[in-house]
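Breakdown of the fold
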Amino acid sequence: TVPIKRGDWVRVAGGLLDIPNFYTGNALPTGPGYGWYIKRLKETVDRAYEESGGEKVILMAHSAGGWLARAAMADGSWCEVETTNASG
């Protein structure tokens, strides 16, 4: 589980200060709005991988966590990625 507290989500408002990117639709998930979450997610997955002795880590996410997880995987630093969209 990614260690997030409810108050941490206030940091998303930082994305409003990503001028002009936020206002022109060019903000990146790694920017000021969600970059903190992406970093924490990557640290959590890397720690789980190390603690498991190199076993595959299964990443499950819901709602915004789904697209943030895909954004975290987008840089290619993790391999053997399978994605499943279970929305319905």
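Now for a quick tour of the structure. (Residues numbered from 1 in each chain as written. Predicted model: local features only at pLDDT ≥ 70, side-chain atom pairs only at ≥ 80, totals over all residues. Heavy atoms only, no water.)

1. Here's the deal with helix α2 (residues 35-51)
- Its 17 residues place the ends of α2 24 Å apart at the C-alpha level, agreeing with the 24 Å of an ideal helix rising 1.5 Å per residue.
- For α2, the full list of buried residues reads Gly35, Trp36, Tyr37, Ile38, Arg40, Leu41, Lys42, Thr44 and Val45.
- Against α3 (64-73) lie the buried residues of α2. (Helix = DSSP H or I, 4+ residues; strand = E, 2+ residues; numbered from the N terminus. Expected span 1.5 Å × (residues − 1). Buried < 20%, exposed > 50% of the residue type's maximum accessible area, 1.4 Å probe, protein only. Contact = heavy atoms within 4.5 Å.)

2. Looking at the layout of surface pockets
- By volume, the second largest pocket amounts to about 190 Å³.
- Considering the residues around the second largest pocket, the lining is formed by 14 residues, among which Thr1, Val2, Leu41, Leu59 and Met60 are closest to the centre.
- If you list the elements that add at least two residues to the lining of the second largest pocket, you get α2 and α3.
- When the residues that make up the lining of the second largest pocket are grouped by side-chain class, the tally is eleven nonpolar, three polar and no charged. (1 Å grid on protein atoms, 1.4 Å probe; cavity = no way out; pocket = protein on both sides within 12 Å on 5 of 7 lines; lining within 4 Å. Points joined across faces, edges and corners; volume = space filled by probe spheres on them. Nonpolar A, V, L, I, M, F, W, Y, C, P; charged D, E, K, R; others polar.)

Function-wise, these values are silent; they only describe arrangement.
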